[in-house]
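Geometric and topological summary
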Amino acid sequence: MKERRAIGAEYEKKAAQYLEGLGYRILEKNFRCRTGEIDLIAKDGSYLVFIEVKYRSGIQMGEPQEAVDSRKQKKICRTASYYCMTRRIPPQQPCRFDVAACLAGEWKLIQNAFDYVR
């Protein structure tokens, strides 16, 4: 069995391809800082989108998007704030948080999966 990190990297790459096929423009992959990590950052129309990628090989562990709980949402939001600050993204820039979920090879995109969480 592949190491979890390698599997994650593989599905993040597949997610980027899937999203590009939907018209997203990928700006960054695996943005990391002390507060956390964001798998993908993209533009979708006028939106700056922070995307969490989740993969499950089968339903026994639940739906992939269920893993993005409130604790994970807070971490992603803190990291997104840091990204915007360091990249000098203006406060009026519309942003949203999406989840790209893959269950047994089938992709599902949940746009605006959660709101900014403090």
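For the structure, check the block above.
First, a word on scope: everything that follows refers to the structure included in this document. (Residues numbered from 1 in each chain as written. Predicted model: local features only at pLDDT ≥ 70, side-chain atom pairs only at ≥ 80, totals over all residues. Heavy atoms only, no water.)

1. A few points about the nonpolar core
Formed by 15 residues in total, the largest nonpolar core has its most connected members in Ile41, Phe50, Tyr83 and Phe97. Among the elements of the structure, β2 (36-44), β3 (47-56), α2 (70-86) and β4 (95-103) are those that each provide at least two residues to this core. In terms of residue count, α2 provides more of this core than any other element does, 5 residues in total. Setting aside residues up to four positions removed in sequence, Ile41 forms contacts with Arg25, Ile26, Leu27, Glu28, Phe31, Leu48, Val49, Phe50 and Tyr83. Within the second largest apolar cluster, 11 residues are counted, among which are Ala15, Ile26, Ala42 and Ala100. (Core = buried A, V, L, I, M, F, W, Y, C linked by side-chain atoms within 4.5 Å. Buried < 20%, exposed > 50% of the residue type's maximum accessible area, 1.4 Å probe, protein only. Helix = DSSP H or I, 4+ residues; strand = E, 2+ residues; numbered from the N terminus. Contact = heavy atoms within 4.5 Å.)

2. So, the pattern of salt bridges
What the rule picks out here adds up to 7 salt bridges. Lys14 is paired through a salt bridge with Glu10; the nearest N and O atoms lie 3.3 Å apart. With a gap of 4 residues between them, Lys14 and Glu10 both fall in helix α1 (residues 4-21), about one helical turn apart. Looking at Lys14, the relative accessible area reads 34%, which means it is partly exposed. With a shortest N-O distance of 3.6 Å, Lys72 and Glu52 are connected by a salt bridge. Here the residue Lys72 occupies a position in helix α2, and Glu52 occupies one in strand β3, the gap between them amounting to 20 residues. Among the residues examined, Lys72 registers a relative accessible area of 23% and is labelled partly exposed. Residue class for Glu52 comes out buried when judged on its relative accessible area of 4%. One salt-bridge network, in which partners are shared between bridges, spans Asp44, Arg96 and Asp98. (Salt bridge = Lys/Arg side-chain N within 4 Å of Asp/Glu carboxyl O.)

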